[in-house]
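Structural overview
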Amino acid sequence: MFIEYRGKTPQVAASAFVAPTAVLIGNVVVGENSSIWFGVVLRADEGTIRIGARSSIEDNAVVHSSAAGTTLIGSDVTVGHCAVLDDCTIEDGALVGSNAVVLQGAVVGANSVIAAGSVVKVSERLPERIVAAGVPAKVRKLLAGGAADWIAHSTSESLGQAEAYRRDNIGDPHSHDVKSASRRKRGAVLV
Ligand SMILES: CC(C)(COP(=O)(O)OP(=O)(O)OC[C@H]1O[C@@H](n2cnc3c(N)ncnc32)[C@H](O)[C@@H]1OP(=O)(O)O)[C@@H](O)C(=O)NCCC(=O)NCCS
C-alpha cells in the first residue's frame, strides 16, 4: 500500500517489486529493480527515504526518517529481515543483517556487513569492506569468509526472487492502491 501524506506520494520505479503487504508512506523513492518484501514499513511522513537500484529490503524491516531527517540506502544493498533503520546511511553494496538496528546519523560503509542482531550506535561511521558485530557493533575484521559470501550473492538472489514473484503477477508497484486523506486511487503513480 502506498500512502500519500501531506502532498508527498511514494515514487517507485516500475521495475521494482513491492510485496502486497508492504506499506510505503510519504517521501519515499525506490529505484530500479529494488525489492520491498512482505511486511516492510518505509515511513517518511516527515523526513525522506531514498533507496537506490537493486536493493532488497527484506520482510518486516522498518525504515524511518524523522522530521528533517533522511535515511539513504544505496544500490545493491540488502537490509535483512526485521532490521530497523532510522535516519542513517547505508552505502552501496552493504548488508545489514536480520534484526540489526542502525541508529540516527550512523553510516555503514560500502560493501560492509553488519552481523545479525547488532546495534550500530548513533553517529557511528563504519568504514568500507568490514564486518561489524555486537551491541554496540564493533569492527571485527576486514570483509572475508562467510560475510564476503553474503555480499557476493545476496543482490543476485533477491533479484531472482523478485523476478519470480513478478512473473507470477505479485508485487507489481502499479497494483498498489494509493491512499490519502482526501481520496483513494486505484493504481500507483510511478516514476
Ligand atoms: C556476520 C556473518 C555473516 C558471519 O560472517 P563470518 O565472515 O563467518 O564472520 P565470523 O564468524 O568470522 O565472525 C567475525 C566475528 O564476529 C562475531 N560475530 C559474527 N556474527 C555475529 C553476530 N550476529 N553477533 C555478534 N557477533 C557476531 C564472531 O563471533 C567473530 O568474533 P571474534 O572476531 O571475536 O571471534 C553472520 O554471523 C551473520 O550475522 N549473518 C547475517 C546474515 C543475514 O542476516 N542476512 C540477511 C538476511 S537473509
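Here is a short report on the structure shown in this document. (Residues numbered from 1 in each chain as written. Predicted model: local features only at pLDDT ≥ 70, side-chain atom pairs only at ≥ 80, totals over all residues.)

**Thoughts on the overall build of the protein chain**
The secondary structure content of the protein chain amounts to one helix and 22 strands. Since a compact globule built from 191 residues should have a radius of gyration of about 16 Å, the 16 Å found for the protein chain is in line with a globular shape. With the C-alpha coordinates aligned to their principal axes, the bounding extent of the protein chain is approximately 50 × 35 × 20 Å. Within the span of the protein chain, comprising 191 residues, buried residues form 43% of the whole. The long-range share in the protein chain, meaning contacts at least 24 apart out of those at least 6 apart in sequence, stands at 16%. (Helix = DSSP H or I, 4+ residues; strand = E, 2+ residues; numbered from the N terminus. Rg over C-alpha atoms; globule rule 2.2 N^0.38 Å. Buried ≥ 20, exposed ≤ 12 C-beta atoms within 10 Å, placed from the backbone. Contact = placed C-beta atoms within 7 Å.)

**Let's talk about the site of the ligand**
By nearness alone, 20 residues border the ligand, and G80, G97, A133, G145 and G146 come closest of all. Looking at the shell around the ligand, the elements that each hand over two or more residues are strand 19 (130–133), strand 20 (138–142) and helix 1 (145–167). The leading source of residues in the shell around the ligand is helix 1, at four residues. Considering only residue class, the shell around the ligand consists of seven nonpolar, ten polar and three charged. (Near = placed C-beta within 6 Å. Nonpolar A, V, L, I, M, F, W, Y, C, P; charged D, E, K, R; others polar.)

**Side note on the nonpolar core**
Membership of the largest hydrophobic core comes to 48 residues, with the highest contact counts inside it found for I36, L42, I90, V96, V102, V108 and I114. With residues near it in sequence (within four places) discarded, I114 still touches V96, G97, A100, V102, V108, V120, A132 and A137. (Core = buried A, V, L, I, M, F, W, Y, C linked by C-beta atoms within 7 Å.)

**Regarding the sheet that holds strand 13 (residues 95–96)**
Remark on secondary structure: sheet strands pair via backbone hydrogen bonds, oriented parallel or antiparallel. Here eight strands make up an open sheet; going across it, the order is 3-5-7-10-13-16-19-20 and the pairing mixed. Strands with a single pairing partner mark the edges of an open sheet, and in this sheet they are strand 3 (17–18) and strand 20. As paired elements, strand 3 and strand 5 (residues 35–36) share two bridges and run parallel to each other. Across the sheet, V18 pairs through a bridge with I36, a residue of strand 5. (Pairing = 2+ DSSP bridges.)

**A closer look at helix 1**
Here helix 1 spans 34 Å end to end across 23 residues, near enough to the 33 Å set by a 1.5 Å rise per residue. Its axis deflected by about 40° at H153, helix 1 carries its strongest bend there. Turning to helix 1, its buried residues number three or more, namely A147, I151, T155, S158 and A162. Directly beyond the C-terminal end of helix 1, a positive phi value near 60° is found at N169. (Expected span 1.5 Å × (residues − 1). Bend = angle between axes of the 7 residues up to and from the residue.)

**Thoughts on the pairing of strand 6 (residues 41–51)**
Alignment of strand 4 (residues 23–30) against strand 6, held across seven bridges, turns out to be parallel. Following the sheet pairing, G26 is matched in strand 6 by A44. Bridge count between strand 6 and strand 8 (residues 62–64): three bridges; the pairing is parallel. Across the sheet, L42 pairs through a bridge with V63, a residue of strand 8. Relative to strand 9 (residues 70–73), strand 6 runs parallel, the two sharing four bridges. Bridge pairing in strand 9 places T48 opposite T70.

From the geometry alone we can't say anything about function, so treat these as descriptive.
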